[in-house]
Amino acid sequence: MIGFELDPSGALTKSRRAHHQARISAIDAEHGPGVSPFLIDTFHRQHNYLRISLTERCNLRCFYCMPSEGIELSPPEHILSDDEVIRLATLFVKSGVTKIRLTGGEPTVRKGIVDIVAGRLQELRKYGLQSIGMTTNGIALHRKLPALVQNGLTHLNISLDTLDPFKFEIMTRRRGHDAVLRSIETALGSRKLESVKLNVVVVKGLNDHEVPDFVEMTKDKRLSVRFIEFMPFTGNKWDKAKMVPSSDLLDRIRERYPRVRKASDELNDTARSYIIPGHTGSFGFISSMSDHFCGSCNRLRLTADGQIKVCLFDAKEISLRDRMRAGASDDVLLATIGRAVTGKKEKHAGMEDIDVVTNRPMILIGGVHSPVPTRSIRRWPGIRVLGTVPAQYTRPTAVRCFGSSSTVATGNTASSTPRLTHLDESGRASMVNVAHKEPTRRYATATGRITIPRIAYELVTGGSSEGERDDPLPDAEAVAVRKAKAKGDVLTVAQLAGIMGCKRTADLIPLCHPLQLSYVAVTLHPEAGVARRAASDAPTRAGHGFPGGTRSDTGPCAGEQPPAREYRIVCRATVACEGRTGVEMEALTAVSVALLTVWDMLKAVAGREMAIGDIVVASKAGGASGDFVRPSGT
């Protein structure tokens, strides 16, 4: 409590008045000013967090952020200058904003980013600014991070959706996985950063099987991993079937880490956080689709071209740039901000009703598309997510194989009549002519599985030995086990066989082109889970790379038998080359040969009970037919 010294007339002495005013100023500087009424909406939410997009440019082309056809960049003169950014940031901070986060595009590609943080935003701390954060893809961060941290950056979020460098190129359409990992290590080594978070957008059938691997990163790293639900934006071909609800991910994590428990969340935090006893870091979920957090939202967004956006999923925006350049005073700008905040809705629309027509793509969140001369980011083939078919689309009457176009190229023209590409005009087998194609970078991933009995699973995983089993093996089976063991490590032999088979694809498949492969990776993972039921019996199906098929929160009904256990080995092969045709066949051959080798290695103990199945192309990238990602469960 502040005391006041009065003179005999009851008034404060001049010296004491100055002293108390100084103390009040110090307290205001420490706790920040109260939030201006202009930043309080009709639902009494106080907005003290401002996200500032510094640029529309990015050095990646993530499919969920950048439409496959590219985007139209605003002319340079439409982008806020450094002075305009700082003027608006100052206005917001003086009105009660205590946290600023710099975003993009990719903020590190903006020229003078260090000066914006060090020389300009730092000065706003005297008005109550408490933290300066940044969200980045990390590609060019490690060189600039020390200077940014030294000059005031306090919080850092790095986006990384996969731990596989080749899948990284598929998802981002660019290289740079090593650079992102280097940036993460640089950030974790900085003692001045108050928090380092890793943002992971989870897409079913693409990277959802990597979730436990990301959680494992928190074991010995001061890192908070946040799993973000795949969200709909203009041009990203969002499909509800590709979204994995956070509750499902938590169930999967608990299978590996049963001791996981809820952590306390910060005020207005978008993520629901969890910790695992013994782990240095934490993980959480940003469930914008399945469990929104609109009721505690305290965020406002300022786009690179000067629009204020009160909700990520609301297309409505108001230009502060135009009013500034027309000579508006701070009071007029604050009143304009107030009108925008007043129009904020109680919550955003449901996931299937979000406006993806008039709202911008994520990379441009968010501004108005005005009919002015613009420059275009180079078109880049997008990852084509299957699962929904536009109303105006008519299904073809013929099925097209992924490896080659279903049209017949003749010079610069093509016939639109569907036909098998490996047959000539007379119907005889013929190799496709690819001489007219330009070599491009090609990738493909295939997956498959082999179901095996329990005895084979224990043999592969090193589980219960003969002496440890509750039900000792009969003599004949014990002999078979010893015979199978004599062949060697099942998974290692199968992995090598898959790689060798991949490289001999053209020798095995008569009309395949011989390709100079630049990369082959084959992995095999034993899994034990609930046996998968027919589609008519089960509402859901297990995602790639996870144990289990259907699940129930209440357990089996009365009188129902517990679900049978299923043991299987899942194989995944990724192949890359620089060539004129795709590598889907090579990936499929690798999986097929690897699984056949497993069958051969285990036939002594399980020859009659094993079954190979579900061998499919999971994804491909490169080539004229575009990129492709198979939805899980199809």
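Report follows, based on the coordinates.

Conventions used here
Residues numbered from 1 in each chain as written. Predicted model: local features only at pLDDT ≥ 70, side-chain atom pairs only at ≥ 80, totals over all residues. Heavy atoms only, no water. Salt bridge = Lys/Arg side-chain N within 4 Å of Asp/Glu carboxyl O. Helix = DSSP H or I, 4+ residues; strand = E, 2+ residues; numbered from the N terminus. Buried < 20%, exposed > 50% of the residue type's maximum accessible area, 1.4 Å probe, protein only. Axes fitted to C-alpha atoms, helices over the stretch in contact; angles between N-to-C directions. Parallel < 35°, antiparallel > 145°, perpendicular 65-115°, else oblique. Contact = heavy atoms within 4.5 Å. Nonpolar A, V, L, I, M, F, W, Y, C, P; charged D, E, K, R; others polar. Core = buried A, V, L, I, M, F, W, Y, C linked by side-chain atoms within 4.5 Å. Pairing = 2+ DSSP bridges. Patch = residues over 30% accessible without salt bridge, like charges linked within 9 Å, V, L, I, M, F, W, Y side chains within 5 Å. Areas by Shrake-Rupley, 256 points an atom, 1.4 Å probe, with all protein chains shown as cover. Left-handed = near helix turned anticlockwise from the far one by under 90°. Phe/Tyr/Trp six-rings, centres within 6.5 Å; stacked < 30°, edge-to-face > 60°. Lys NZ or Arg CZ within 6 Å of the ring centre and 35° of its normal.

A word on the pattern of salt bridges. Two side chains that carry opposite charge are able to pair once their charged atoms sit near each other. One pass over the full model with this rule turns up 19 salt bridges. Measuring nitrogen to oxygen at the nearest pair gives 2.6 Å for the salt bridge that ties R110 to D82. Here R110, found in the loop between β3 (99–103) and α3 (113–120), pairs with D82, found in helix α2 (residues 82–94); they are 28 residues apart in sequence, far enough to count as distant. On the basis of relative accessibility, which here comes to 11%, the residue R110 falls in the buried class. Judged by relative accessible area, which is 27%, D82 ranks as partly exposed.

Two elements in contact, α3 and helix α4 (residues 141–150), have axes whose closest approach is 9 Å; the angle formed by their N-to-C orientations is 10°. Between α3 and α4, the interaxial angle falls into the category roughly parallel. Contacts from I113, V114 and V117 of α3 reach α4 at K144, A147 and L148. Looking at side-chain class alone, the contact of α3 with α4 contains five nonpolar, no polar and one charged residues.

Before going further, it helps to spend a moment on the nonpolar core. Core analysis: the largest hydrophobic core is formed by 86 residues, its most contacted members being I100, F227 and F283. Ranked by residue count, the leading element in this core is α2, at seven residues. The residues contacting F227, other than those within four sequence positions of it, are V200, V202, V211, F214, V215, L249, I253, F283, G284, F285 and I286. Among the nonpolar cores identified, the runner-up in size contains 33 residues, and Y457, L491, V591 and A606 belong to it.

With that settled, the discussion passes to the sheet that holds strand β4 (residues 131–136). Ordered by their spatial adjacency, twelve strands build an open sheet running β8-β9-β10-β7-β6-β5-β4-β3-β1-β11-β12-β13, and the pairing between neighbours is mixed. Here the strands that pair on one side only, and so sit at the sheet edges, are β8 (261–262) and β13 (318–319). The pairing of strand β9 (residues 272–275) with strand β10 (residues 282–286) spans three bridges and is classified as antiparallel. Across the sheet, the residue bridging to S273 is G284, located in β10.

With two bridges connecting them, β8 and β9 associate as antiparallel partners. The residue bridging K262 from the neighbouring strand is Y274, located in β9. In textbook terms, the turn of a hairpin is the stretch between consecutive antiparallel strands, and for β9 and β10 this stretch comprises six residues, one of which, G278, has a positive phi near 95°.

A cluster of nonpolar residues, L596, W599, I612 and I615, forms a patch on the protein surface that exposes about 320 Å² of accessible area. For the nonpolar patch, the elements supplying multiple residues, two or more each, are α15 (584–606) and β20 (611–621). On the accessibility criterion, W599 (31% relative accessible area) is partly exposed.

A separate point is the packing of α4 against helix α6 (residues 177–188). Contact pair α4 / α6: the axes reach a minimum separation of 9 Å and the direction vectors enclose 20°. Of the possible angle classes, the one that applies to α4 and α6 is roughly parallel. Here α4 and α6 pass one another in a crossing that is right-handed. Residues L141, H142 and L145 of α4 form the contact with α6, whose own contacting residues are A179, R182, S183, T186 and A187. Residue composition of the contact of α4 with α6, by class: four nonpolar, three polar and one charged.

Right, let's talk about the pairing of strand β1 (residues 49–53) for a bit. In terms of burial, β1 is a largely internal element, five of the five residues being buried. Because side chains alternate across β1, one face comprises the buried residues Y49, R51 and S53, and the other comprises L50 and I52, equally buried. Across five bridges, β1 lies against β3 in parallel orientation. Bridge assignment links R51 to a residue of β3, and that residue is R101.

This paragraph deals with the packing of aromatic side chains. All told, the structure shown has eight aromatic pairs when counted by the stated rule. Between F166 and Y519, the aromatic rings sit 3.4 Å apart at their centres with planes inclined by 20°, giving stacked as the arrangement. A residue pair is termed long-range when its members are at least 10 positions apart, and F166 in helix α5 (residues 165–172) and Y519 in strand β18 (residues 517–530) qualify at 353 residues. Seen in terms of ring centroids, Y274 and F285 are 5.8 Å apart; in terms of plane orientation they differ by 70°. Their pairing is edge-to-face. Residue Y274 is located in strand β9, and its partner F285 is located in strand β10; the two are separated by eleven residues in the primary sequence. A relative accessible area of 11% places Y274 in the buried class. Following the ring pairs from residue to residue traces out a cluster consisting of F214, F227, Y274, F283 and F285. Positioned above the aromatic ring of Y274 is the side chain of K262, whose terminal nitrogen or guanidinium carbon lies 5.4 Å from the ring centre.

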